[in-house]
Structure formats: C-alpha cells, structure tokens
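Chain by chain, the residues:
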Amino acid sequence: MDLWTEFEGVTIDKAFALSKLLQTEGRSAFFTTRNANGESVLIRIIECHFDEDEILARWRGVQTLGHASFLRIEHFGQFLIEADDITAVYAVFERVDANLGDVLERGRLSPDDASQIGLSIASALEMLHANGFVHEHIEARNIYAVGETVKLRSDCIRETPEGEASFAARRRDVHDLAVVLAQVLLGSPRGVDPSRVASLPAPFNDIVRKGMSGEWKLTEVQAALARHKATSAAPSKGAQARAAAAQVAIPRSAQAAATPAAVVPTAAPLREAMKSIAGEKSAEAETNAQARFQPRTEPWTAPGRSRGVLAEEHTRFPGPDRPAIDVQAWLAAIERDRRKWITGGVLLLVVVLLGWMFARRFSAHPAAAQSAVAAEASSHAPAAPDRAVTPQHAAPRAASATPSVGNGKKQWRVVAFTYNRQDQARKKAASVAQKHPDLRPEAFSPSGRAPWLVTVGGAMDRDDAYALAAKVRGLGLPRDSYAQNYSGR
C-alpha cells in the first residue's frame, strides 16, 4: 500500500468508516472506526498476497477457542482494493479501556498486579498451545484491560511449526511472558536489564529468571503465579497466620488444578494502577492513546514476499533509576574521535599520493615503448568499417530486468512493494508515479521472474539508497521500505 493515509474517511465493506490512521505494521495498518454501538474501536487492515483464506481461518480459530483472555474480534471479513486490484482483510476489535504499555511508560506496578496480569496471559497461552497455535507477540503493548479483564491481542497468532521448531516457539512465548512480568515490576516497557532480575521480589525473581532461560515451562510459571496469588489474597492477619501454620507444598496434581484455565483473573488492579499513575483523561484522548498498537521490531517477512532482513535493535532509554546522559562529555568524545579520524585520513592520503607518483615515474618509459609499438602496428593494419552501436549496447540499464555485474557501487535500489505478478508491480509503479513522479518508480526483478519489486529512484550507491529509503517512508510509502544491493545478482 503506497499511502495508507488516503484510506482515512473511506468506508470499507459498506459498514466501517475509517477515521484516523494510528499505526502501520508490515503490510497492514490500524485505524479507528465505530462499532454498531457507536463506540470508537480499533480496526486492522491487511494487504493480502494470496493468503487471505489462511488469515481468516486463523481468526475463526481464535473465535472458536472463545477464551476470555483474548481480545475479542467482533467482526472480520475481506474486500477488494480496486485501485490496486488487491484483496484485503480486516478485523474489528472490541473496545479497550487501558493499554499496559501506556501504563508502564508512567511507572511500575505492584507484585499483585503482576500476578493478575501473568495469570491471565498464561491462561491464554495454555489454550493456544493446547490447540496448535503460538502467539510470538507477547509484549506490554499487546496487553489490554477490557472492563475487569486482562486481555491479549489475538489477531497475530499463527499455527505451531512442525518438529523441534514447535518446542522453540512455545518456549519463546514463555520467555516473552517472563520479560513482561519483569517489565511490570521494574516499570521499563522497552527492555529488561538482566542484572536487575535478582532484585525482583519472590517468587518473580525465579519466574523471570527460569522463564527467560527456558528452565521453566508454562505449567511451572502458572503454578508459581497461582501460589503467589493465593498467599497474597489472605483477607486478614489472623487468616494469614492460619494459612502460614497450615501451609504445605502443593503437589503436582494440585498444581494443575491451580492453573487459571476456568477462572480468568480480573483487570481491576491494572485499571486502578492506571488511574493512580496517569490520572483522569478525557474519553476521546484515552481512546486514541490506549487503542494504539505498537508492533514488534523483530525481522519479519510477509508470506509471498522476498524482503531483506529488517533488523532493528531495541533502544534502551534512561529510566527513573538510571543516571542521565552527560551530554557535554558525550560531545567532547565525539569531537576527539573526529579529529583522530581526520588526522589519520590526511596521512593516508599523503602516503597514497607519494606511492602513485613513484609508480608513475618508473612506469613511464615502458608505457611509451608500448605506445610506439601499437602505433606502428595500427599504421599497417587495414581500416575497420564504421559500425553503428547495436541496440543491445545502446539500451539503457533501466530497461533490463537483471542489473549488470559491476563493482556494486551503483546497484543499490530502494524497494517499496513486492508482488508475485509483473502486471501488479507495473500497475502499482504507475499509481505511485501519479502521486510522486520525482521518485521514478518502476517494476524490477533481479532474476527476470517473480517476485517483482516496485523500486524508486533507480540504481544508486549505498548512501543514497539508505537516504532515499528514509525519505520515502517519511512521504507516506510503506514503513518497511528498504535499501538492497543487487550487484552481481
């Protein structure tokens, strides 16, 4: 999709008017819309690449599971983007009241809050894993409070892979749950410092450490959370004393019964914490801020696409307990490094120049002799007839589907879209050209066959390609537009 902002104000499937673009994520975008009750809710639109049936089947599977800890998809369907002749699917979600990521931006939560959140997410994962699905998107931004219930975003699940990969995928879900619990207790939604895990209160120090390392599976995390909830829910000091006197180790048979498969923990602690930390907001501002999805930043390639690996490192920001950056010292260090590199560069240039002058001086005489021999030979050779340059030699580089093999400096391209058919790529290039003729979009294939790429700017060197990729993302083209070197392909 070239400009998702153009969909603002458009009504899809004759039912849902798209109000405001909130976020783009790969080949999809999130907007606000109104449900049948007139409430402002979130809608996700995905540009399909012949996988619409697969996506809709997954969403039907989530509805069939019917778990209370999944963010409910109230309605989903598909429609045709006529301008591009592409099928798209959409999902409309229930209204949410709070987003855990927004809450953690303002402060940490208590161990009781962490156990409530952990039990809800663990219960949802237990249901997914038992039915052949994995989530792979467990993070604070994908956890919501709806009424009195903590819910997990449900539109991004996928089928469990086969073989050994299935165990790794389920372990990754448990690892991500442990990370979220650490973030809840530390108030750091962007990452977890491993050195701070030991300072977490019991039993979360063990849950986080063993969950992240893979030592504990989901059942063991659930059992530890259930025990913490049971001991922290004692109504009085007398009841706590009696519970401590009668406390015994929970056998494994009882641990399974303690997992929250039937009873879904409530979101009341999360909602109260949000109110105490963030204060009261207006209804419209709360809806806009809390309905926003923030995607994962791990590399991802859409089905049917041949994209380069998009690697983004998580950036750590100073938290309330971290010292602020000394800007003056930082700038002084940069200045010292800059002077060091300039001095080294000048010295290298002088050495290269002297070497070139020395080599030229001693190679002048042999070169002159060779020139004389060549001139003598050419004076006796018959004159060659004049020939016009053939179309093969005169054809511009852009007309060829496969770039020439060179030194690679001018074979970088900026890829904005990927298609399986050449006609789709050409149609998209023409559509982009109408809005941004200066970008010179074209349909390009490094192999002369599928996949077909829509590139902008033609062939260029590396620095220009990276600069152009950043520019086109700012112009509204897909945020996963990337620069790729096609030298020698």
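Residues numbered from 1 in each chain as written. Predicted model: local features only at pLDDT ≥ 70, side-chain atom pairs only at ≥ 80, totals over all residues. Heavy atoms only, no water.

Caption draft 1: A look at the packing of aromatic side chains. Applying the stated rule across the entire model yields 7 aromatic pairs. When the centroid spacing of 6.2 Å and the interplanar angle of 50° are considered together, the rings of Phe79 and Tyr90 count as tilted. Separated by 11 residues along the polypeptide, Phe79 in strand 6 (residues 73-81) and Tyr90 in strand 7 (residues 86-93) bring together distant segments of the chain. Residue Phe79 shares its accessibility class with Tyr90, and that shared class is buried. (Phe/Tyr/Trp six-rings, centres within 6.5 Å; stacked < 30°, edge-to-face > 60°. Helix = DSSP H or I, 4+ residues; strand = E, 2+ residues; numbered from the N terminus. Buried < 20%, exposed > 50% of the residue type's maximum accessible area, 1.4 Å probe, protein only.)

Caption draft 2: Inspection of helix 4 (residues 164-186) at higher detail. For helix 4, which comprises 23 residues, the first-to-last C-alpha distance of 33 Å matches the rise-based estimate of 33 Å (1.5 Å per residue) to within 8%. Count one or two residues on from helix 4 and you reach Gly187, which has phi positive near 70°. (Expected span 1.5 Å × (residues − 1).)

Caption draft 3: Just the sheet that holds strand 15 (residues 452-460), in detail. Pairing is antiparallel in the open sheet, where 4 strands are placed in the order 14-15-13-16. Across the chains shown, the open sheet's two edge strands, defined by having one partner strand only, are strand 14 (442-444) and strand 16 (482-485). Going from strand to strand, the sheet's axes swing by 50° on average, the running direction of each strand aside. Summarising the sheet, strand 13 (residues 412-419) and strand 15 pair through 6 bridges and their orientation is antiparallel. Paired with Val414 across the bridge in strand 15 is Val456. (Pairing = 2+ DSSP bridges. Axes fitted to C-alpha atoms, helices over the stretch in contact; angles between N-to-C directions.)

Caption draft 4: Representation of the sheet that holds strand 4 (residues 28-34) within the structure. Here 5 strands make up an open sheet; going across it, the order is 3-4-5-7-6 and the pairing antiparallel. On the outer flanks of this sheet lie strand 3 (21-25) and strand 6, each paired with one strand and no other. Between one strand axis and the next, the sheet turns through 25° on average, direction left out of account. In terms of strand pairing, strand 5 (residues 40-47) meets strand 7 through 5 bridges, oriented antiparallel. Pairing of Arg44 across the sheet is with Ala91, part of strand 7.

Caption draft 5: The nonpolar core, seen in detail. By size, the foremost hydrophobic cluster in this structure holds 42 residues, and its most contacted members are Leu100, Ile121, Leu177, Val184, Leu200 and Ile207. Going through the elements one at a time, helix 1 (52-65), helix 2 (100-104), helix 3 (111-130), strand 11 (149-152), helix 4, helix 5 (204-213) and helix 6 (218-232) are the ones with two or more residues in this core. Take this core: its biggest share by element is 9 residues, from helix 4. Each residue touching Leu177, except ones within four places of it in the same chain, is listed here: Gly118, Ile121, Ala122, Leu125, Ile138, Leu218 and Val221. (Core = buried A, V, L, I, M, F, W, Y, C linked by side-chain atoms within 4.5 Å. Contact = heavy atoms within 4.5 Å.)

Caption draft 6: Structural detail: the confidence of the model for the protein chain. In this model, the protein chain carries an average pLDDT of 74, and 66% of its residues clear a pLDDT of 70 or more. Across residues 274-327, confidence stays below pLDDT 50; counting only partners more than four residues off in sequence or on other chains, it has 102 contacts. (pLDDT = per-residue confidence, 0-100.)

Caption draft 7: Geometry of the pairing of strand 10 (residues 143-146). Of the two faces of strand 10, the one carrying Ile143 and Ala145 and the one carrying Tyr144 and Val146 are both buried. Sheet topology places strand 8 (residues 98-99) next to strand 10; 2 bridges connect them, and they run antiparallel. Looking at the pairing, Ala98 lines up with Ala145 of strand 10. Across 4 bridges, strand 10 lies against strand 11 in antiparallel orientation. Paired with Tyr144 across the two strands is Lys151, which belongs to strand 11. Taken together, strand 10 and the strand that follows it, strand 11, pair antiparallel across an intervening segment of 2 residues, in which Gly147 is found at a positive phi of about 65°.

Caption draft 8: Structural detail: the side chain of Asp97. Along the chain, the position of Asp97 falls in the loop between strand 7 and strand 8. Among the polar contacts made by the side chain of Asp97, one reaches the side chain of Arg95 at a distance of 2.9 Å. (Polar contact = N/O pair within 3.5 Å; in protein donor to acceptor, adjacent residues only side chain to side chain.)

Caption draft 9: Representation of helix 1. Given a rise of 1.5 Å per residue, 14 residues ought to cover 20 Å, and the 20 Å separating the end C-alpha atoms of helix 1 matches this to within 8%. Buried within helix 1 we find Glu52, Ile55, Leu56, Arg58, Trp59, Gly61, Val62 and Leu65. Against strand 5, strand 6, strand 7, helix 3 and strand 12 (158-159) lie the buried residues of helix 1. Note on helix 1: the residue one or two positions beyond its end, Gly66, has a positive phi of about 60°.

Caption draft 10: The arrangement of unusual backbone geometry in detail. Following Ala202, the chain continues into Pro203 via a peptide bond in cis, with omega recorded as 0°. One can find Pro203 in the loop between helix 4 and helix 5. Phi is positive for Phe50, close to 65°, though the residue is something other than glycine. Structurally, Phe50 can be placed in the loop between strand 5 and helix 1. For Arg440, which is not glycine, the phi torsion reads 50° and is therefore positive. Tracing the sequence through the fold places Arg440 in the loop between helix 13 (422-435) and strand 14.

Caption draft 11: Looking closely at the environment of Ser123. Relative to the assigned elements, Ser123 resides in helix 3. Sequence separation of Ser123 and Leu218 is 95 residues, and the distance between their C-alpha atoms is 9.3 Å. Polar side-chain contacts of Ser123 include one of 2.8 Å to the side chain of His67.

Caption draft 12: Layout of the pairing of strand 3. When you tally the buried positions in strand 3, you get 5 out of 5 residues, the bulk of the element. Two strands pair when backbone bridges link them, and strand 3 and strand 4 are joined in this way by 4 bridges, in the antiparallel orientation. Residue pairing for strand 4: Thr24 is matched across the bridge by Ala29. Taken together, strand 3 and the strand that follows it, strand 4, pair antiparallel across an intervening segment of 2 residues, in which Gly26 is found at a positive phi of about 60°.

Caption draft 13: Geometry of the packing of helix 4 against helix 6. Contact geometry for helix 4 and helix 6: axes closest at 10 Å, N-to-C directions at 30°. Judged by the inter-axis angle, helix 4 sits roughly parallel to helix 6. Considering only the axes of helix 4 and helix 6, their crossing is left-handed. Of the residues in helix 6, those in contact with Val174, Leu177 and Leu181 of helix 4 are Leu218, Val221 and Leu225. Across the contact of helix 4 with helix 6, the residue classes tally to 6 nonpolar, no polar and no charged. (Parallel < 35°, antiparallel > 145°, perpendicular 65-115°, else oblique. Left-handed = near helix turned anticlockwise from the far one by under 90°. Nonpolar A, V, L, I, M, F, W, Y, C, P; charged D, E, K, R; others polar.)

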